[in-house]
Amino acid sequence: MSSVRVLVGTKKGAFVLSADGKRKDWKVSGPFFAGWEIYHLKGSPVDPNRLYASQSTSWFGQIVQRSDDGGVTWAPVGNKFAYEGVPGTHQWYDGTPHPWEFKRVWHLEPSLTDADTVYAGVEDAALFKSTDAGWNWEELAGLRKHGTGPHWQPGAGGMCLHTIILDPVDPARMYIAISAAGAFRTDDAGASWKPINKGLVSAQIPDPTAEVGHCVHHVTMHSARPDVLFMQKHWDVMRSDDAGENWREVSGNLPTDFGFAIDVHAHEPDTLYVVPIKSDSEHFPIEGKLQVWRSRTGGNEWEPLTAGLPQQNCYVNVLRDAMSVDTLDECGVYFGTSGGQVYASSNAGESWSPIVRDLPAVMSVEVQTLG
Amino acid sequence: MLPQHLRTLAGADPEVRVEVAAPVTIGRVLDALEERYPTLRGTIRDYSTGQRRPFLRFFVCEEDWSHELLDAELPKAVSEGREPLLIIGAIAGG
């Protein structure tokens, strides 16, 4: 029988939530790496028991942990992330040059074809790759050196490479996104990159339609339609139908188009989920009502999903990597909040219930569908 | 002496004794510590600079050695094993 495993990264450790395919009764394991910030955990699509986790603190720096038994036991692997050559400078918040400094791993993306290959998106923004299950990390420096790096700026959370999407059809193509630089694509396995931000409009930067400088919060793709991308930008929900060459806004009737998380239904490539957040200065839902909004038309037309979610006095945030879907017949949708709740819907968002209510602030949620 | 998170990470006791050839310096003590516990590499000294991470401090014989050079020779009380090198996480919120 199928089952699901939900990997939760929090401000104070990692948790593994598991249930059978009914998704009613949950077992909670953890905390793992108690006291450390776990920006992200993710399992290999090739070997679901192979998990990678990013563990860090400002005190002790970066650790990468690996599990080969589905999160029961873990062991540290390599944690040396050295930029290739002299890393140079990017823009600081005030526009002055600031040296590139490694701070932490935001996102780990295991390969679609090899359990020992995994990509890491880091702050200050760069992309690293390991082909030996996390022991050694090599920068794919073509991204940072392609020319626009000196113009990249940190977002409020730091200058992070937070999104990595591997194309399921073309193994040489991948997408990444950086706050605040924008989205980028490679068609040669990471050797060279191009900004793909045409159509983005960011009123907060000097040139609102600049080639780079946009605060992209998250990008997602449905594996059956890899040329179609959906983006939650700082403000605006965007869509591209040509692998990022051009973007158009699909915010439609959303009550606010600020937000962080965005994901696609597992079986319906035009069904999207976002969690509207009031504004960039008030990171919580409008009027204290936690709502997921769903579009079944690939954007523009949205409906609120509220059953089971708090509709008063709720002032949590949902971060960019804190939403995920399972691939069971009736698609499950999951998200975690800064208040420590992990909500699950086993009916594509029609109704929600909390798996857990009182974890530390949730930074990431990834779901594995097993069996 | 190691802070709790590093003890847990390395599976080490609170107090670790390492053999270090003279002259005994903080740098050499850390080299020996990382040799015994490779997972501590990068957690005390930044990989890119080789220097103490900013949220950690070193104390020796009740004195703050955080700003001494890593190749400064430690007092005999430490090199002879009578006093510890304390590696302490700075008290900060979160």
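Cut-offs applied
- Residues numbered from 1 in each chain as written.
- Chains lettered and ligands numbered in written order.
- Predicted model: local features only at pLDDT ≥ 70, side-chain atom pairs only at ≥ 80, totals over all residues.
- Heavy atoms only, no water.
- Pairing = 2+ DSSP bridges.
- Helix = DSSP H or I, 4+ residues; strand = E, 2+ residues; numbered from the N terminus.
- Contact = heavy atoms within 4.5 Å.
- Buried area = accessible area lost by both parts, 1.4 Å probe.
- Salt bridge = Lys/Arg side-chain N within 4 Å of Asp/Glu carboxyl O.
- Polar contact = N/O pair within 3.5 Å; in protein donor to acceptor, adjacent residues only side chain to side chain.
- Nonpolar A, V, L, I, M, F, W, Y, C, P; charged D, E, K, R; others polar.
- Buried < 20%, exposed > 50% of the residue type's maximum accessible area, 1.4 Å probe, protein only.
- Axes fitted to C-alpha atoms, helices over the stretch in contact; angles between N-to-C directions.

Q: Tell me about the sheet that holds strand 21 (residues 248-249) of chain A, and name the residues and values.
A: Strand order in this open sheet of 4 strands is 18-19-20-21 (chain A), and the pairing throughout is antiparallel. Taken across any chain shown, the strands that pair with only one partner, and hence form the sheet edges, are strand 18 (216-221) and strand 21 of chain A.

Q: Talk me through the interface of chain A and chain B; I want residue IDs and the actual numbers.
A: Contact residues are listed per partner, giving 15 residues for chain A and 17 residues for chain B. For the pair chain A and chain B, the summed buried area comes to about 1,300 Å², and 61% of that belongs to carbon and sulfur atoms. The largest per-residue losses of area from chain A upon contact with chain B belong to A:Trp59, A:Phe60 and A:Asn79, which jointly make up 51% of the total buried on that side. Applying the counting criterion to the chain A and chain B interface returns 0 salt bridges. Joining chain A to chain B, the criterion identifies 6 residue pairs in polar contact (both at pLDDT 80 or more). Secondary structure elements with two or more residues in the side of chain A that touches chain B: strand 5 (51-57) and strand 6 (61-67) of chain A. Among the residues making up the side of chain A that touches chain B, the classes are represented as 6 nonpolar, 7 polar and 2 charged.

Q: Hey, could you go over helix 2 (residues 26-36) of chain B for me, with residue numbers and the actual values?
A: Among the residues making up helix 2 of chain B, those that are buried are B:Ile26, B:Gly27, B:Val29, B:Leu30, B:Ala32, B:Leu33 and B:Glu34. The inward-facing, buried residues of helix 2 of chain B contact strand 1 (56-60) and strand 3 (85-89) of chain B.

Q: So, the sheet that holds strand 25 (residues 303-305) of chain A: which residues are in play, and what are the values?
A: All names here are of chain A. On the basis of which strands lie adjacent, the open sheet formed by 4 strands has the order 22-23-24-25 and antiparallel pairing. Every other strand in the sheet has two partners, leaving strand 22 (262-264) and strand 25 as the edge strands with one partner each. Each strand axis lies, on average, 30° off the axis of its neighbour in the sheet, ignoring direction. Here 3 bridges tie strand 24 (residues 292-295) to strand 25, and the two strands are oriented antiparallel to one another. The residue bridging arginine 294 from the neighbouring strand is glutamate 303, located in strand 25.

Q: Pulling in residues and values, what's your account of unusual backbone geometry?
A: With an omega of 0°, the peptide bond running from A:Gly30 to A:Pro31 counts as cis. Secondary-structure assignment places A:Pro31 in strand 3 (residues 27-32). Here the bond from B:Ala22 into B:Pro23 is cis, since omega is -5°, no more than 30 degrees from zero. Within the fold, B:Pro23 resides in the loop between helix 1 (4-10) and helix 2. Although it is not a glycine, A:Phe33 adopts a positive phi angle of roughly 55°. One can find A:Phe33 in the loop between strand 3 and strand 4 (37-43). Classification of A:Phe33 as buried rests on a relative accessible area of 14%.

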